[in-house]
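# Tertiary structure, described
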Amino acid sequence: MVLAVATALLPSGAALAGTTTAASADPVTVVSGTFEDGTTQGWAARGGETVEAGTTVAHGGTGSLAVTGRTGTWQGPILDVTDTLAEGTRYSVSVWVRLADGATPDVARLSVERRLDGAASYQTLGSAQATADGWVELTGSYLRTSEADYVGLYVETASVTAGFFIDDVIVSHVPETPIQTDIPSLKEVFTEFPLGVALSPESLYGERARLAAKHFNSVTPGNALKWDATEPREGAFQFTDADRIVQFAAENGMAVRGHTLVWHQQTPDWVFRDAAGDVMTPTPENKELLLSRLEAHIRGVAGRYGDDIGVWDVVNEVIDENQADGMRRSMWYQITGLDYIRTAFRVAHEVAPNARLFINDYNTNVPAKRDALFGLVSQLRSEGVPIHGVGHQMHVNVEWPSVAETEAMLQKFIPLGVEQQITELDVSIYTNSGESFPTPPADRLLAQAHKYREMFGLFTEYAEHITSVTVWGLDDDSTWLDGGSLGRDDAPMLFDDQLQAKSAYWAVVDPNWSGTAEPSSGCRVAYQVVNEWPGGFEGRVTVTNTSPSPLAGWNLTWSLAQGQEIARLWNGVVSRNGSAVSVRNTSWNGTLAADSAVTFGFLGSWSGANPRPTYFTLNGGACTTA
């Protein structure tokens, strides 16, 4: 069992609880252009324009770099940074720009030109509206991830060819925080199944590469094997990023999961264009053309890697439980029906006969979706389609799904005799689309740790049926969950953005994990459902001050789940913020002496389920639970 193994792996004196936070190092500047010495400091013209230092205007000091005589918007100053920027290091770039007097306002762009074997590529790092009235800062970041004969940093404009000035150029990077080498390797703790991680080319350098190699024995290319990455134009295959990830896996003794051959997203538009270049409609001719393109793509991609990739997600996210037949109405399905799935598995099996072939989907813990997927797999296997396994993505959050729902998902497919894999596991700290935190709250990180512990405990229990578990990202700085309409920062992984082990990590490797995000703040909470009826319940919460000092006031916070609401509360004052509920003291029970307790009660409602919360914070600190 996993917890028994973990004890032997812990080094003497290793920390067992708490989120490790490493201090960030000071930035290291590699380029500083102030132009105070009267030279161009290495900057040159891209075309026939003139680039020279001067003192007409300046952002700081008295000097700047003037660009005049431009006849094209692409013309501007460029700096050769080929030998300055190291592969695998992310750099922050800042350049101040001002247009020449009388120039029409225009967008200025900060970009990078990269050349290899005579071919050039370009990447815009940042842009801003520039004027002749004042200075504007262009900022961006650049990660050099591949070989190049030349790398140049340059500034251009979008529309006008008027002259402009640049000043106070800074290119810097923050040294990576070393990973923790004296903590258990996840792959040695979980010996019941391979433990995988989704990687991008950016993760193949420095400390991130060391972290991946230390903890995981399986790799999934997150995007590098998808259709838009491998065949952006018909017949024009490119494998640079995928090859590097597969090579990294081979060098570190890691298996590779191929993801994914067929998906309704990240598929180039040309795939669904008919012979005349128009968007396909359901005709026999278009079906034949689309299936032929599918076969050629799979032969080109899966056929390239042979036995180097032992598992493939052949088709991805084909179920829509809201449809009567359970099938997603993608272009694939509209043009070919189920034949695209049949073709994909048949061809994949032909070109990679030793690979295990999976159908992969999300929310498979939802009964309607689970049942639709079960029906599809049952039908296709009865036809002889070589489906070897079902992939459960498991993009979950701190409150959902429950262990029971996840266990029902696993149990559903056991009678089919197929392999099951957890393919894209992460645990979001958010429980709904309206939440956004400036930093991850302690109670959410604690809840996340509990959820990871529950899930890995279940996966270990079902190890006979689960042949792989993959987390969908290496660390909190490498997650698809960041951003969105609220621009929020998620923290869904086992390691933080400094590559340090979080409470979620310790929750799954340490059999004696205390169940707190930090050492106990000196409180204990007992939550009871004293009465329950359809759609309603009565709750009672007792808070004990286990610290040696009295509290002059108290505020207890936890999260409501499954549609729970509090209708009436006594012996406290309740407030809500999204799913988070806080109960603070009244005027007469605010003082809580050492080793004393206070109890409040409430009437609540629920829908679907009425789970008991297991994580609470008192005055911002995590509590133990009774």
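Sequence order sets the numbering: in each chain, residues are counted from 1 along the sequence as written. Totals for whole chains, interfaces and linings use all residues, but because this is a predicted model, local features are given only for residues with pLDDT of at least 70 and pairs of side-chain atoms are given and counted only at 80 or more. To get the side-chain values, all heavy atoms of the structure are used, and hydrogens and water are removed first.

### Some details on the overall build of the protein chain
Regarding its fold elements, the protein chain presents twelve helices and 30 strands. Three labels apply to residues, based on accessible area from a 1.4 Å probe with only protein chains included: buried if under 20% of the type maximum, exposed if over 50%, partly exposed otherwise in between. By the burial criterion, 53% of the 626 residues in the protein chain qualify as buried. By definition, residues are in contact when any of their heavy atoms lie within 4.5 Å. Contacts spanning at least 24 positions in sequence make up 76% of the contacts within the protein chain whose residues lie at least 6 apart. Only the protein chains shown count as cover for residues, and all accessible areas are computed by the Shrake-Rupley method using a 1.4 Å probe. Total accessible area on the protein chain stands at roughly 25500 Å², and carbon and sulfur atoms take up 48% of it. When charges are tallied, Lys and Arg are placed among the positive residues and Asp and Glu among the negative ones, while His and the ends of the chain are skipped. By convention, the charge on Lys lies at NZ, on Arg at CZ, on Asp at CG and on Glu at CD. Of the charged side chains in the protein chain, 41 are positive and 74 negative; the average position of the first set lies 6 Å away from that of the second. Strands are runs of DSSP state E lasting at least 2 residues, helices are runs of H or I lasting at least 4, and numbering of each runs from the N terminus.

### Topic: the packing of aromatic side chains
Any two rings among Phe, Tyr and Trp, with Trp reduced to its six-membered ring, count as a pair given centres within 6.5 Å; such a pair is stacked if its planes are under 30 degrees apart, edge-to-face if over 60, and tilted if neither. Under the definition given, this model contains 22 aromatic pairs. Between the aromatic rings of Trp 227 and Trp 332, the centroid separation amounts to 5.7 Å while the plane-to-plane angle is 40 degrees, which identifies the pairing as tilted. Pair noted here: Trp 227 is in helix 4 (residues 227-230) and Trp 332 is in helix 7 (residues 331-336), with a separation of 105 residues, a long-range link. In this pair, the class of Trp 227 matches that of Trp 332, namely buried. Ring geometry for Phe 272 versus Trp 332: centroids 5.2 Å apart, planes at 75 degrees, classification edge-to-face. You can see Phe 272 sitting in the loop between strand 14 (255-263) and helix 6 (284-305) and its partner Trp 332 sitting in helix 7, a full 60 residues away along the chain. Each member of the pair, Phe 272 as well as Trp 332, is classed as buried.

### Topic: the packing of helix 10 (residues 403-413) against helix 11 (residues 442-461)
One way to put it is that helix 10 packs onto helix 11 with a least axis distance of 10 Å and a crossing angle of 30 degrees. Taken as axis vectors, helix 10 and helix 11 run roughly parallel relative to one another. In this structure, the crossing between helix 10 and helix 11 has a hand that is right-handed. Facing Val 403, Thr 406, Glu 407 and Leu 410 of helix 10, the residues of helix 11 in contact are Glu 454, Met 455, Leu 458, Phe 459 and Glu 461. Polar here means any residue outside two lists: the nonpolar Ala, Val, Leu, Ile, Met, Phe, Trp, Tyr, Cys and Pro, and the charged Asp, Glu, Lys and Arg; Gly therefore counts as polar. Here the contact of helix 10 with helix 11 is composed, by residue class, of five nonpolar, one polar and three charged. Helix axes use the C-alpha atoms of the stretch in contact, all axes being lines fitted to C-alpha atoms, and the angles between their N-to-C directions lie in the range 0 to 180 degrees. An angle below 35 degrees is treated as roughly parallel, one above 145 as roughly antiparallel, one from 65 to 115 as roughly perpendicular, and anything else as oblique. With the far helix as reference, a near helix turned anticlockwise by less than a right angle produces a left-handed crossing, and one turned clockwise produces a right-handed crossing.

### So, the pattern of salt bridges
By salt bridge we mean one thing: a side-chain nitrogen of Lys or Arg within 4 Å of a carboxyl oxygen of Asp or Glu. Taken as a whole and judged by the stated rule, the model has 28 salt bridges. One salt bridge in this structure joins Asp 339 and Lys 287, with 2.6 Å as the shortest N-O distance. You can see Asp 339 sitting in helix 8 (residues 339-351) and its partner Lys 287 sitting in helix 6, a full 52 residues away along the chain. What makes Asp 339 partly exposed here is its relative accessible area of 24%.

### Overview of the confidence of the model for the protein chain
The predicted coordinates of low-pLDDT regions are not to be read in fine detail. Model confidence for the protein chain is summarised by a mean pLDDT of 91, while 94% of its residues fall at 70 or above. What pLDDT reports is the predictor's confidence in each residue, on a scale of 0 through 100. Considering only residues more than four positions removed or in separate chains, one finds that residues 1-22, a stretch of pLDDT under 50, has 53 contacts.

### Focus on the side chain of Ser 172
Inspection of the secondary structure puts Ser 172 in strand 11 (residues 164-173). Excluding anything up to four places from it in sequence, Ser 172 contacts Pro 27, Val 28, Thr 29, Val 30, Arg 90, Tyr 91 and Ser 92.

### Considerations on the sheet that holds strand 29 (residues 621-622)
Read across the open sheet, the five strands follow the order 25-26-23-28-29; overall the sheet is antiparallel. Because the sheet does not close on itself, it has two edges, and the strands there are strand 25 (573-577) and strand 29. Strand pairing requires that DSSP identify at least two bridges connecting the strands. Bridging between strand 23 (residues 555-559) and strand 28 (residues 617-618) involves two bridges; their strand directions are antiparallel. Bridged to Leu 556 within strand 28 is Leu 618.

### Thoughts on unusual backbone geometry
His 259 connects to Thr 260 through a cis peptide bond whose omega is -10 degrees. By the secondary structure assignment, Thr 260 is in strand 14. The omega torsion of the bond from Trp 400 to Pro 401 falls at 0 degrees, within 30 degrees of zero and hence cis. Structurally, the position occupied by Pro 401 is in the loop between strand 18 (395-397) and helix 10.

### Here we look at helix 6
Along its 22 residues, helix 6 runs 32 Å from first to last C-alpha, staying within 8% of the 32 Å computed at 1.5 Å per residue. What helix 6 keeps buried is the set Asn 286, Leu 290, Leu 291, Arg 293, Leu 294, His 297, Ile 298, Val 301, Ala 302 and Tyr 305. In this structure, the buried residues of helix 6 make contact with helix 4, helix 5 (240-251), strand 14, strand 15 (311-316), helix 7 and helix 8. Just downstream of helix 6, Gly 306 is the residue with a positive phi angle, here 50 degrees. One less than the residue count of a helix, multiplied by 1.5 Å, gives the span that helix is expected to have.

### Some thoughts on a negative patch on the surface
Nonpolar side chains (Val, Leu, Ile, Met, Phe, Trp, Tyr) are joined into patches within 5 Å and like charges within 9 Å, using only residues with over 30% relative accessible area and no salt bridge. A surface patch of negative charge is lined by Glu 87, Asp 117, Glu 147 and Asp 149. Structurally, Asp 149 can be placed in the loop between strand 9 (136-143) and strand 10 (150-157). For Asp 149, a relative accessible area of 47% corresponds to the partly exposed category.

### As for the packing of helix 6 against helix 8
Running from N to C, helix 6 and helix 8 cross one another at 30 degrees; their axes reach a closest spacing of 9 Å. By the angle between their axes, helix 6 is roughly parallel relative to helix 8. Remark: the crossing between helix 6 and helix 8 carries right-handed chirality. When helix 6 is examined against helix 8, the residues Lys 287, Leu 291, Leu 294, Glu 295, Ile 298, Arg 299, Ala 302 and Gly 303 are found in contact with a partner set consisting of Asp 339, Tyr 340, Thr 343, Ala 344, Arg 346, Val 347, Ala 348, Glu 350 and Val 351. Grouping the constituent residues of the contact of helix 6 with helix 8 by class yields nine nonpolar, two polar and six charged.

### Observations regarding the sheet that holds strand 10
Taking strand neighbours across the sheet as the criterion, the five strands line up as 2-5-10-7-8 in an open arrangement whose pairing is antiparallel. Only two strands of the sheet have a single partner each, and these edge strands are strand 2 (43-45) and strand 8 (119-130). Across the sheet, the axes of successive neighbouring strands diverge by a mean angle of 25 degrees, strand direction being ignored.

### Examining the environment of Gly 76
With respect to the helices and strands, the residue Gly 76 is situated in the loop between strand 4 (64-68) and strand 5 (77-80). When sequence neighbours within four positions are dropped, the list of residues in contact with Gly 76 reads Ala 44, Ala 45, Arg 46, Glu 49, Val 67, Val 155 and Phe 164.

### Observations regarding the nonpolar core
Side-chain atoms within 4.5 Å link the members of a nonpolar core, which is a set of buried Ala, Val, Leu, Ile, Met, Phe, Trp, Tyr and Cys residues. Residues Leu 186, Ile 298, Trp 312, Ile 341, Ile 359 and Phe 459 are the most contacted members of the largest nonpolar core, which totals 108 residues. Counting residues per element, this core draws most heavily on helix 11, which supplies eight residues. The residues touching Trp 312, leaving out its near neighbours within four places in the chain, are Leu 225, Gly 258, His 259, Leu 261, Val 301, Ala 302, Ala 355, Arg 356, Leu 357 and Phe 358. If you look at the next biggest cluster of nonpolar residues, it comprises 33 residues, including Leu 65, Leu 99, Ala 103 and Val 151.

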